Amino acid sequence: AILADATGATYCGILGVDNKKRMRILGASSSGSAQPGSVEITRIELAVHEAPARNGITSIEFTENGFRNALTVTAHGDAANGVIWLKFPENVHPEPETAPQTLAQSVATHIAMAIAHDNQMRRLAELSRTDELTGLLNRRAFMEDLFQRQAHLYRVSRRGALLYIDLDNFKPVNDRFGHAAGDQVLKEFANLLHGHSRIGDLCARLGGDEFAIWLEETDAIGAVTKARNLIEDAKALHGLAGITMLADMAPLGLSIGIAIADPKRFEQLPELIMRADEVMYQVKRQGKGALIVASPAGAQKTKTKIDG
């Protein structure tokens, strides 16, 4: 706001490049119709990624949709990490002593440090929520997010499905081929989970060789279909991980327990988790490599085993 007022800009935005090289608006001050458009932001992204870091400062100008855009690229660690973006009506030209580049450059170093700090805080927050090996949500983050998702489904009266998954015959891989091979199996399975999930689903590694997926707006039919596909694709895990299974080793596979969250049958989150967990272990006891759908919340506990 101070920069916008000092330069007479109708819009001033601070944009940062995050740890995944994506650009986001960290803060903005505007007046009138100078709101940023997707075309402008895309153009700025390209300009920033291509801009050389000249002593931490690079200036760029372009005209778009009747506005003159003055960009001051910020840099940290010899790489561009953001931009100070000032917009003016095309016919407005500030006085030399209030030239946008001059004022923006005077604070560019501080802005660059602030963006770098913000990225670091976001990175630490991300690390605290993800499993280091697979990049999936860790148990704590999954439970936190699942609590919110379950509460939401009661508000919107839509179903969701919780899949508890255990990797069958995983321990022999570690014992025979070493932990590096076991880690690769876990990574490949995480990739499978990502491949079978949609925007809005949650994928987590709960610990060891146990995983979970929350399927948003999914009923029993959809959950069973998803589980069957996972069981089928998991048959290729050893090959994906570069492991030649020995003749005396049981193949890798999945045991999956499914619990459907139904807004017509209220239950607390621990009860939903327990239903999925119990039937997953029932699959393990009955021979592995299959799935069981738990009986509905509050219903008599009768379950049907479905082979993969």
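Let me begin by describing the structure that accompanies this report. This is a predicted model, so every value here is computed, not measured. (Residues numbered from 1 in each chain as written. Predicted model: local features only at pLDDT ≥ 70, side-chain atom pairs only at ≥ 80, totals over all residues. Heavy atoms only, no water.)

1. Overview of the overall build of the chain
Thought 1: Helix and strand content of the chain: nine helices and 11 strands.
Thought 2: In the chain, which comprises 308 residues, the proportion classed as buried is 46%.
Thought 3: Considering only contacts in the chain between residues 6 or more positions apart, those separated by 24 or more positions represent 61%.
Thought 4: Carbon and sulfur atoms make up 52% of the accessible area of the chain, which totals about 15,500 Å². (Helix = DSSP H or I, 4+ residues; strand = E, 2+ residues; numbered from the N terminus. Buried < 20%, exposed > 50% of the residue type's maximum accessible area, 1.4 Å probe, protein only. Contact = heavy atoms within 4.5 Å. Areas by Shrake-Rupley, 256 points an atom, 1.4 Å probe, with all protein chains shown as cover.)

2. Details of the side chain of Asn174
Thought 1: One can find Asn174 in helix H5 (residues 171–177).
Thought 2: Here Asn174 falls in the buried class, since its relative accessible area comes to 17%.
Thought 3: If sequence neighbours within four positions are ignored, Asn174 has contacts with His179 and Gly182.

3. Re the pattern of salt bridges
Close approach of charged atoms allows side chains with opposite charge to pair.
Thought 1: Applying the stated criterion across every chain yields a total of 18 salt bridges.
Thought 2: A salt bridge links Arg149 to Glu216, with the shortest nitrogen-to-oxygen separation between them at 3.3 Å. Taken together, the residues span a long stretch of sequence, with Arg149 in helix H4 (residues 139–156) and Glu216 in strand S8 (residues 210–216) at a distance of 67 residues.
Thought 3: For Arg149, a relative accessible area of 22% puts it in the partly exposed group.
Thought 4: Between Arg158 and Glu217 there is a salt bridge, with its nearest N and O atoms 2.8 Å apart. Of this pair, Arg158 sits in the loop between H4 and strand S6 (160–168) while Glu217 sits in the loop between S8 and helix H7 (220–233), and the two are 59 residues apart along the sequence.
Thought 5: Look at Arg158 and you get partly exposed, because its relative accessible area is 43%.
Thought 6: Each member of the salt-bridge network shares a partner with another, and the members are Arg129, Arg140, Glu144 and Asp145. (Salt bridge = Lys/Arg side-chain N within 4 Å of Asp/Glu carboxyl O.)

4. Focus on the environment of Gly253
Thought 1: The topology assignment puts Gly253 in strand S9 (residues 253–261).
Thought 2: Along the sequence, Gly253 and Leu230 sit 23 residues apart, while their C-alpha atoms lie 9.3 Å from each other.
Thought 3: When sequence neighbours within four positions are dropped, the list of residues in contact with Gly253 reads Asp166, Leu167 and Asp168.

5. Considering a nonpolar patch on the surface
Thought 1: Taken together, the side chains of Met121, Leu124 and Leu127 define a hydrophobic patch exposed on the protein surface, amounting to about 260 Å² of accessible area.
Thought 2: Note on placement: Leu124 falls in helix H3 (residues 100–129).
Thought 3: Exposure remark for Leu124: the relative accessible area of 42% places this residue in the partly exposed category. (Patch = residues over 30% accessible without salt bridge, like charges linked within 9 Å, V, L, I, M, F, W, Y side chains within 5 Å.)

6. As for the packing of aromatic side chains
Thought 1: In the structure shown here, the tally under the stated rule is three aromatic pairs.
Thought 2: Taken together, a centroid distance of 5.2 Å and an interplanar angle of 70 degrees make the contact between Tyr11 and Trp85 edge-to-face. Residue Tyr11 is located in strand S1 (residues 11–17), and its partner Trp85 is located in strand S5 (residues 79–89); the two are separated by 74 residues in the primary sequence. Neither Tyr11 nor Trp85 differs from the other in exposure class; each is buried.
Thought 3: Ring plane angle 50 degrees and centroid distance 5.1 Å describe the contact between Tyr154 and Phe266, whose orientation is recorded as tilted. Of the two residues, Tyr154 sits in helix H4 while Phe266 sits in the loop between S9 and helix H9 (269–285), which places them 112 residues apart along the sequence.
Thought 4: Take Phe266: its relative accessible area is 59%, and that puts it in the exposed class.
Thought 5: Against the face of Phe67 rests Lys87, its NZ or CZ located 4.8 Å from the ring centre. (Phe/Tyr/Trp six-rings, centres within 6.5 Å; stacked < 30°, edge-to-face > 60°. Lys NZ or Arg CZ within 6 Å of the ring centre and 35° of its normal.)

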